[in-house]
There are 2 protein chains.
Amino acid sequence: MKVSRAQMAENKAKILEEACRLFQQKGFDGVTLAEVMRSAGLTHGAFYGHFRSKEDLIAQILQHRCEKMRQSDVDLGSILDAYLSPQHCESQGTGCHIPAMAPALGPDMVHHSPEARAALTESIRVQIDRMAALAPAEAPEEQRRIAIRSWSAMVGALLLAKASDDPALAAEILAEVRAGVKTGLEG
Amino acid sequence: MKVSRAQMAENKAKILEEACRLFQQKGFDGVTLAEVMRSAGLTHGAFYGHFRSKEDLIAQILQHRCEKMRQSDVDLGSILDAYLSPQHCESQGTGCHIPAMAPALGPDMVHHSPEARAALTESIRVQIDRMAALAPAEAPEEQRRIAIRSWSAMVGALLLAKASDDPALAAEILAEVRAGVKTGLEG
DNA sequence: TGTACATCAGTGAACGCGCGTTCACTGATGTAC
DNA sequence: TGTACATCAGTGAACGCGCGTTCACTGATGTAC
């Protein structure tokens, strides 16, 4: 049953969106293609009409996300709150962006395709630049330093909070790092 | 071919060691039991003489590491250098400890057994306490804050550095966070 | 505008490989006499 | 101390399940006349 071109584009977008959400939640190996396609409301066979392989999927997701990041001028202050909130740490379903994907996909990036790695690396660069622009107006190198330290702390905090089985400890880690990063970004 | 009790204990220790090294390098799903056993110089069938399952293996490793951490009074300053050095980030083979495992295993900890999760959570607590003890002698709560922020930044930095396909960017991230943490720990 | 047909997105059964797990067997260990 | 035997750590072939991938088929789309 062929569908209209518009519908097909919509389907592909839906696959990308659902896959992104699931990878973010469970990591690359923790998600099956069948699961992705089911979430997108299709059968697994249709997958290969849109992507060459699972590896190709992750590369396209990262490229797509990186592009989106470049375009949008989000208020990082509010991202910080959302990103490091206990709710986000637990549910993760809402929103799908590089900051949230990094802890889930970073570790086994080594085994992914050059395309995927390049896209994630580029995302890291963009993220650092964006955070640097937010840092109090000192020398640019100092802004960059603050950005790198803040961003690292955010990624590490989310990872540790997710790994912890104690919600209180997780909340403490997120709160401390959120406070620390805010102080850093306010000078 | 039965082996002596001493040899058997040695074999189990070797399995734990090699598995730890491999998991740290490639993550839980990236390593097969056959690979672990081959590295330990045994055949894969022998695995179930020592562990109930792959899941049991990761739990025992984390418990073992946590215990070791509690006992040893390592100089964290030197750990910091080693941990955040570009060499360590790339090779990873040398040394096998919670700080280095956290970025590799943290993300999919959600899917592991309660035992494994508990052991890792306890390790996070121990690590925070140890770092807090190193922070300049202010109020204990302030020491703890510094420890959480520093440790998060270290974990995040290692993760981002590993994810990056650009060695220069990786080195920069590690260097900046190393410098930042040092400053924080020195007051 | 209406009809006939080629295209091709999606379906779902089937394939095949990899990996965790099992099991019958081997032969060295270590104990009982 | 020496011998006979039960134990059991390790071996390696085999199993079976899950998942990425393929493929023959379907039927709606959209184009050509």
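Residues numbered from 1 in each chain as written. Chains lettered and ligands numbered in written order. Predicted model: local features only at pLDDT ≥ 70, side-chain atom pairs only at ≥ 80, totals over all residues. Heavy atoms only, no water.

### What to know about the state of the cysteines
Definition in use: When two cysteine sulfur atoms lie within 2.5 Å, the pair is treated as a disulfide. Numbered from the N terminus, helices here are DSSP runs of H or I no shorter than four residues, and strands are runs of E no shorter than two. To sort residues, take the accessible area from a 1.4 Å probe on protein chains only and compare it with the maximum for the residue type: under 20% means buried, over 50% means exposed, and anything in between is partly exposed.
If you walk through the whole model with that rule in mind, you get 2 disulfides over all chains. Each sulfur in the disulfide pair A:Cys20 and A:Cys96 lies 1.8 Å from the other. Because the torsion about its S-S bond is -65°, the bridge between A:Cys20 and A:Cys96 counts as left-handed. On the criterion of sequence distance, the pair formed by A:Cys20 in helix H1 (residues 5–26) and A:Cys96 in the loop between helix H5 (86–91) and helix H6 (98–105) is long-range, its members being 76 residues apart. Residue A:Cys20 is classed as buried on the basis of its relative accessible area of 0%. A relative accessible area of 16% places A:Cys96 in the buried class. No disulfide involves B:Cys66; its sulfur sits 13 Å from the nearest other cysteine sulfur, which is in B:Cys20. Its relative accessible area of 4% is what places B:Cys66 among the buried residues.

### Some points on the relation of the copies chain A and chain B
Operational definition: When the copies are superposed, the least-squares fit takes in the C-alpha atoms of residues with a pLDDT of at least 70 in both. Here, residues are in contact when the closest pair of their heavy atoms is within 4.5 Å.
In screw terms, the move from chain A to chain B is a rotation of 180° and a rise of 0.0 Å along the axis, fitting with an RMSD of 0.0 Å. When the rotation and shift are considered jointly, the pair of chain copies conforms to a two-fold rotation axis. Same-surface contact between copies: 100% of interface residues of chain A are shared with the interface of chain B.

### Examining the layout of surface pockets
As a reminder of what qualifies: A 1.4 Å probe that fits but cannot get out identifies a cavity on a 1 Å grid over protein atoms alone, an open set with protein on both sides within 12 Å along at least five of seven lines counts as a pocket, and a residue lines either if it has an atom within 4 Å of a point. Grid points are joined across faces, edges and corners, and a volume is the space filled by probe spheres set on the points. Amino acids outside the nonpolar list (Ala, Val, Leu, Ile, Met, Phe, Trp, Tyr, Cys, Pro) and the charged list (Asp, Glu, Lys, Arg) are all regarded as polar, and Gly is one of them.
Volume-wise, the largest pocket comes out at about 680 Å³. If you trace the largest pocket, you find 23 residues lining it, with A:Arg149, A:Gly180, A:Gly184, B:Arg149 and B:Gly180 closest to the centre. Within the residue set of the lining of the largest pocket, elements represented by two or more residues are helix H8 (140–163) and helix H9 (167–186) of chain A together with helix H8 (140–163) and helix H9 (167–186) of chain B. In terms of residue class, the lining of the largest pocket is made up of 9 nonpolar, 9 polar and 5 charged.

This is a description of form; function is not addressed.
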